Amino acid sequence: MLANLNSPQREAVKYLDGPLLVLAGAGSGKTRVITRKIAYLVRDCGFDARHIAAITFTNKAAREMRERVGELLDSRQAKGMTISTFHSLGLSILRQEAKAIGYKPQFSVLDAADAQGILSDIIKTTDKATLRRAAALISNWKNALLTPDGAEKQAENEAEAQVARAYHSYQATLKAYQAMDFDDLIRLPVDLFRADGEARARWQGRLRYLLVDEYQDTNGAQYELMKLLAGSMGRFTAVGDDDQAIYAWRGADVENLRRLGEDYPTLKLIPLTQNYRSSRRILEAANRVIRHNSRLTDKNLWSELGHGDPIQVVDCKDDRHEAETVAVRIDAHRFQSRGRFADYAVLYRGNHQARVIEEALRAAKIPYILSGGQSFFDRAEIKDITAYLRLIANPDDDPAFIRAATTPRRGIGPSTLERLGHYAAERHASLFAALFEEGAKAALPGKQLHPLQEFGEFINRLAFSAQREPAGAVLDDLLGAIRYETWLYDSEDERAARSKWENVRDFVDWLSRKGSDEGKSLIELAQTVALMSLLEGRDEAEVDAVRLSTLHAAKGLEYPHVFLIGVEEEILPHRECLEGSRLEEERRLMYVGITRAQRGLTLTWCKRRKRGQEWLPCTPSRFLAELADGDSRRAGPELAPEDAKAAGKRRLADLKAMLGG
DNA sequence: TATGTCCTTTTTTTT
DNA sequence: AAAGGACATA
């Protein structure tokens, strides 16, 4: 387990005398340290896998780690190991301890959209920006472990106090729906462990060694949860890099790095500075940029890899031209190097930037995978189906009730729901419970009540069969009964309907398989669906396609050739983040982008961009100046359209060669 | 009262 | 492009 590690890596794997913080620079092999350490604990130190928990930042990272641990341990040794995100871990704690905090074990988990919907009913505003600000404020409070009362006390002005009061009723509403939002998945386990020493001891006994990845991106609540689980002995290894902290806007606090040293005076610190990923030019550029930040530690990454190709900076006419440039260059380069599409990634600051790139790649017939972006589970058709599942598992889930009752249309509209809502509020009951009450007959005219009751009985029937029949059969019944396919084709154009139906089929097949593989009922599946993503479950790695990703979503990944687009003032750094600590976070984002590249790095920016109706001139990002020192070189004359055509011909020849023609 | 059509607006990053 | 809102229609 200790072979092929450099000496600080080996030290990090072996160190078990107390709490450990590994300061791992980009590409310094931190995942390798974590996975090796897990295997070392099990194989060389006699740990039972059930006593080990590895905590990652995304589900995708968790999956990859599980895979890599699987290469080091056989399945018997790895059985029962916890490898998950903070949120998934919190969810499983809460499912088991629900009763202790006044929830039933089948509570629902709301996504951000549903949670915001509830909030908007509470603060009656039409202004979307206000709503977003309020939601963000409440989220920050939750991540700082502030209760509604606590928030109200320390509110700095009347507006904040108002939001604090909204926080109060928001929380009450969630409880009434037997629902939680994402932040609750961390906050509530912390509350539980603080109040209930027995539960805390139980979980500490169960998870005896913690490994926390991307530690710099933990927020106050997550840190607290980690401490409660690790106990006073500090049986953990935290791995992080302050230069890659890019989630402050979500409540993450780099201060947690410093706090770790204060809370655990015996904390051992091991820095990893040798980079195994990038060529020297790329690494030096990254170092030059990040030097402009005030930093906890001034670690300069170094590498034994060669100089590599010069970094390219390309100025483009506009975003269309930028997209075409990227497409043409990927195409030409791949042809010359006989490489794979999967060797290229296009990275950007905001999701909207992907659209033009997608168009250009489609036009050039270059396959691509959009990662980050909106997840499979955010798609309307998937949310439609999951609304039914949520409702079957938890009939008190009002947001799910509303969505399922109205899609597809079945004669239940806004005014019906409003009447029912009023009545339910009066009775302090959920919508579902209210519609079966005697009093509902008086509150609603028969014309409105009738379709509601029909719907309610339909859900009851499904819930009944979901308890005894396999998940797949129930799902097929459901889709047939609501005639979802027909409805899709009626309300969308053919192309959209087909792709949506395909997604639904994928989703349903996947659930059925999961149901029979793991012997889970539909109800059990429905309870975990909120935190999973189908795309993350698929073996994306196999597909030969260019990757498109936001900078945030690209963290932790690496690609032979990276195109970082839109390197302009007001984009990177973002217009809202032009000074102070926010600018520093933007610089770290740039740093993350640069250090994704192994061999090739191309930075592009546009001279003008369309904002609304008019063209506005753009200026290159200040980060370009920080990075440049004659190493990077300006691109030659812009590629003429003829080159694009030539590239097309080459592609054809290439394809023929591949087919053996 | 439910639903369909046309119009406006939208954008930071995500569990 | 796509979602949400205002207005029109059945």
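Model, not experiment: these values are computed from the prediction.

About the cut-offs
- Residues numbered from 1 in each chain as written.
- Chains lettered and ligands numbered in written order.
- Predicted model: local features only at pLDDT ≥ 70, side-chain atom pairs only at ≥ 80, totals over all residues.
- Heavy atoms only, no water.
- Helix = DSSP H or I, 4+ residues; strand = E, 2+ residues; numbered from the N terminus.
- Buried < 20%, exposed > 50% of the residue type's maximum accessible area, 1.4 Å probe, protein only.
- Contact = heavy atoms within 4.5 Å.
- Areas by Shrake-Rupley, 256 points an atom, 1.4 Å probe, with all protein chains shown as cover.
- Lys, Arg positive; Asp, Glu negative; His and termini not counted.
- Charge placed at Lys NZ, Arg CZ, Asp CG, Glu CD.
- Phe/Tyr/Trp six-rings, centres within 6.5 Å; stacked < 30°, edge-to-face > 60°.
- Near = heavy atom within 4 Å.
- Polar contact = N/O pair within 3.5 Å; in protein donor to acceptor, adjacent residues only side chain to side chain.
- Salt bridge = Lys/Arg side-chain N within 4 Å of Asp/Glu carboxyl O.
- Pairing = 2+ DSSP bridges.
- Axes fitted to C-alpha atoms, helices over the stretch in contact; angles between N-to-C directions.
- Parallel < 35°, antiparallel > 145°, perpendicular 65-115°, else oblique.
- Left-handed = near helix turned anticlockwise from the far one by under 90°.
- Nonpolar A, V, L, I, M, F, W, Y, C, P; charged D, E, K, R; others polar.
- Disulfide = S-S within 2.5 Å.

(A) Examining the overall build of chain A more closely. From N to C terminus, chain A includes 31 helices and 19 strands. Taking the principal axes of the C-alpha coordinates as reference, chain A spans close to 80 × 60 × 60 Å. Among the 661 residues that make up chain A, the fraction classed as buried is 52%. Across chain A, every contact between residues at least 6 apart in sequence was considered, and the portion connecting residues at least 24 apart equals 77%. Summing over all exposed atoms, chain A offers an accessible surface of approximately 30,400 Å²; the carbon and sulfur share of this is 49%. Averaged over its 96 positive side-chain charges, chain A has a centre that lies 3 Å from the centre of its 96 negative ones.

(B) Seen up close, the packing of aromatic side chains. Taken as a whole and judged by the stated rule, the model has 13 aromatic pairs. A ring pair is formed by W141 and Y167, whose centres lie 6.0 Å apart and whose planes are at 15°; its orientation type is stacked. Taken together, the positions of W141 in helix α7 (residues 128-143) and Y167 in helix α9 (residues 158-176) put the pair 26 residues apart, joining distant regions of the chain. A ring pair is formed by Y247 and W249, whose centres lie 5.6 Å apart and whose planes are at 40°; its orientation type is tilted. On the accessibility criterion, Y247 (8% relative accessible area) is buried. In this structure an aromatic cluster arises from ring pairing among Y388, F401, F432, F436 and F455.

(C) Layout of helix α18 (residues 398-406). α18 sits mainly inside the fold: seven of its nine residues count as buried. Burial in α18 covers these residues: D398, P399, A400, F401, A404, A405 and T406. Of the surrounding secondary structure, the elements contacted by the buried residues of α18 are α6 (112-122), α17 (380-393), α19 (414-427), α20 (431-435) and α22 (446-468).

(D) Region of interest: the protein's contact with DNA strand B. Residues in close proximity to DNA strand B total 27 residues, the closest being R349, N351, S415, T416 and R419. Across the atoms of DNA strand B situated within 4 Å of the protein, the share located in sugar and phosphate is 59%. Within the side chain of S415, one N or O atom sits 2.8 Å away from a phosphate oxygen of DNA strand B. Taking H574, its side chain carries an N or O atom lying 3.4 Å from a sugar or linking oxygen of DNA strand B. In terms of residue count, the dominant contributor to the surface near DNA strand B is α19 (four residues).

(E) Highlighting the pattern of salt bridges. Evaluated as defined, the whole model comprises 40 salt bridges. For D253, the salt bridge goes to R259, with nearest N and O atoms at 3.3 Å. For D384, the salt bridge is made with R403, and the minimal N-O distance between the two is 2.8 Å. Taken together, the residues D384 in helix α17 and R403 in helix α18 connect sequence positions 19 residues apart.

(F) Summary view of the sheet that holds strand β6 (residues 209-212). Read from one edge of the open sheet, six strands run β3-β2-β6-β7-β1-β8, paired in parallel fashion. Single-partner strands in this sheet number two, and they are β3 (82-85) and β8 (268-272). The mean inter-strand angle of the sheet, taken between neighbouring strand axes irrespective of direction, is 15°. As paired elements, strand β1 (residues 20-24) and β8 share five bridges and run parallel to each other. Looking across to β8, one finds that V22 is bridged to I270. Relative to the sheet, helix α1 (residues 7-14) contacts β1 and β8, its axis offset from that of β8 by approximately 145°.

(G) Examining the pairing of strand β7 (residues 236-240) more closely. Most of β7 is tucked away, with five of its five residues classed as buried. Side-chain alternation along β7 places F236, A238 and G240 on one buried face and T237 and V239 on a second face that is also buried. In terms of strand pairing, β1 meets β7 through four bridges, oriented parallel. Bridged to L21 within β7 is A238. Where β6 lies against β7, three bridges are found, and the strand directions are parallel.

(H) Local environment of the packing of α17 against helix α25 (residues 494-517). One way to put it is that α17 packs onto α25 with a least axis distance of 9 Å and a crossing angle of 40°. One element, α17, and the other, α25, form an angle in the oblique class. Once α17 is placed against α25, the crossing between them reads as right-handed. In contact with E381, I382, I385, T386 and L389 of α17, α25 contributes K500, N503, V504, F507 and L511. Residue composition of the contact of α17 with α25, grouped by class: six nonpolar, two polar and two charged.

(I) Quick look at the environment of R165. Looking at where R165 falls in the secondary structure, it is placed in helix α9. Placed 14 residues apart in sequence, R165 and A151 show a C-alpha to C-alpha distance of 8.7 Å. Excluding residues within four positions of it along the chain, R165 makes contact with E152 and E158.

(J) Molecular detail of the environment of R419. Mapped onto the fold, R419 is located in helix α19. The class for R419 is partly exposed, based on a relative accessible area of 41%. For the pair R419 and P445, spaced 26 residues apart in the sequence, the C-alpha separation amounts to 9.7 Å. Within polar-contact distance, the side chain of R419 engages the side chain of Q448 at 3.1 Å.

(K) The state of the cysteines, seen in detail. This structure, assessed with the given rule, holds zero disulfides. With no disulfide of its own, C577 lies 17 Å from the sulfur of C618, the closest cysteine sulfur. No disulfide involves C618; its sulfur sits 6.6 Å from that of C606, the nearest cysteine. Taking the relative accessible area as the measure of exposure, C618 reaches 18% and is therefore buried.

(L) Main features of helix α16 (residues 354-363). Listed in full, the buried residues belonging to α16 are A354, V356, I357, E358, A360 and L361. Buried residues along α16 sit in contact with α15 (319-337), β12 (344-348), β13 (368-370) and β14 (546-550). Following α16 by one or two positions, K365 adopts a phi angle in the positive range, close to 60°.

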